[in-house]
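If you want the building blocks of each chain, they are given just below.
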Amino acid sequence: MKKFLVIGNPIAHSKSPIIHEEFAKQLGIELTYSKQLLELDSFEEDVLKLFENGIAGANVTLPFKERAFSLCKHVTDRAKLSGAVNTLYIKDNTLFGDNTDGEGLVRDLVYNEVTIEDRRILVIGAGGATRGCIPALLNAKPKSIMIANRTKDKAQRIVDESNSEKLSALGLDEVTDSFDIVINATSSSVYKELPVVSSIIFSEAIAVYDMYYSNEQTSFLAWAEKINPDVTLINGLGMLVEQAAEAFYVWNGVMPKTQAVRNLLSNV
Ligand code: ATR
């Protein structure tokens, strides 16, 4: 039976095993999927050992996505563009890396009936989460994507590394416009903090997305709702499910349906 894992640090909170087991059940595929904590100082060795011992694939979560990217012999185009890997597998005896996060975000926006084409998008943050989603967002043909970060240089670097004219960068304190879609890709919600940015960003928004998920409304979405009560509010749970579906497809060659898992997780 094929064995899969999600690896990260911390990892106890991960819902990936529930998601993948449900997909496997739905499609009648026999596999095991568990979670494993990896130590910060031996990530690379440990990953290679896991594959030597016969695992078929692994999802990578915080804080290892950039290190997983560096470890791979081959990466897909979307992983290369994002500089981060969340899906590992062996092909022709070689470690391959892919990144399904961006596809997960776009598929969740589609699920929530938010059109991306021709929209002005603001992405707040310039870490791995932002890098992971930019290629898929660009593919969906937005009008523009502004990356705004507390540390402007990091946002500028992502723009400089891309050759898209649709991307631009600002410091958070320089943002003075409203956008159609606002995406929080910072880790601020983890700490129940808010990025210090003008609330004008929400005033014309049709959708506000927080990549973080929790059973309560996130601090970022609560703030957006206060400023613009009509806006569609979306947390990162759907993205988690959709990126998992895309990883399942990469590994098993079949695309699971996500509605049952969405229902299951909203009751966990
Ligand atoms: P990830 O891989 O999840 O993106 P990361 O690489 O540590 O994590 O990046 C975290 C992002 O959240 C960064 O853009 C960080 O801003 P800085 O680059 O200025 O550090 C942003 N961030 C975290 N906490 C924040 C806060 N309270 N306000 C604004 N931005 C915050």
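The numbering scheme is per chain: residues are counted from 1 as the chain's sequence reads. Totals for whole chains, interfaces and linings use all residues, but because this is a predicted model, local features are given only for residues with pLDDT of at least 70 and pairs of side-chain atoms are given and counted only at 80 or more.

Brief notes about the packing of helix α9 (residues 237–252) against helix α10 (residues 259–266)
Keep this limit in mind: Fitted lines through C-alpha atoms give the axes, limited to the stretch in contact for helices. The angle between two N-to-C directions lies from 0 to 180 degrees. Starting at the N terminus, helices and strands are each numbered in turn, a helix being any DSSP run of H or I of at least four residues and a strand any DSSP run of E of at least two. Roughly parallel means an angle under 35 degrees; roughly antiparallel, over 145; roughly perpendicular, 65 to 115; everything else is oblique. In this scheme, a crossing is called left-handed if the near helix is turned counterclockwise away from the far one by less than a right angle; it is called right-handed if the turn is clockwise. Residues are defined as contacting one another if the C-beta atoms placed from their backbone atoms lie within 7 Å.
Relative orientation of the contacting elements α9 and α10 amounts to 140°, with a least axis distance of 10 Å. Considering their axes alone, α9 and α10 lie oblique with respect to each other. Considering the relative orientation of α9 and α10, their crossing is right-handed. Residues L237, G238 and V241 of α9 pack against V261, R262 and L265 of α10.

Some details on α9
Heads up, the condition is: Here a helix's expected span is defined as the number of its residues, less one, multiplied by 1.5 Å. Partly exposed residues are those whose C-beta has more than 12 but fewer than 20 other C-beta atoms within 10 Å; 20 or more makes a residue buried and 12 or fewer makes it exposed, with C-beta atoms placed from the backbone.
The end-to-end C-alpha separation of α9 is 22 Å, in line with the 22 Å expected for 16 residues at 1.5 Å each. When you tally the buried positions in α9, you get twelve out of 16 residues, the bulk of the element. Within the sequence span of α9, burial applies to G238, M239, L240, V241, E242, Q243, A244, A245, E246, A247, F248 and W251. Where α9 terminates, the next one or two residues include G253, which has phi positive at roughly 75°.

Looking at the pairing of strand β11 (residues 207–210)
The line we're drawing: Should DSSP find at least two bridges between two strands, the strands are regarded as paired. With the strands pointing away from the viewer, any crossover whose connection runs clockwise from the first strand over the helix to the second is right-handed.
Both faces of β11 are covered, namely the face carrying A207 and Y209 and the face carrying V208 and D210. Examined bridge by bridge, strand β10 (residues 181–184) and β11 share four bridges and lie parallel to one another. Each bridged residue has a counterpart across the sheet, and for I183 the counterpart in β11 is Y209. Considered for its hand, the β-α-β crossover made up of β11, helix α8 (residues 219–227) and strand β12 (residues 232–235) is right-handed.

Description of the domain arrangement of the protein
Selection rule: Bear in mind that the domain bounds are from an automatic or database domain assignment.
Here the domain parsing of the protein yields domain 1 (2–99) and domain 2 (102–236). Taken together, the contact pairs eight residues of domain 1 with seven residues of domain 2. Sorting the residues of the side of domain 1 that touches domain 2 by element identifies α3 (65–71) and α4 (77–82) as the ones contributing at least two each.

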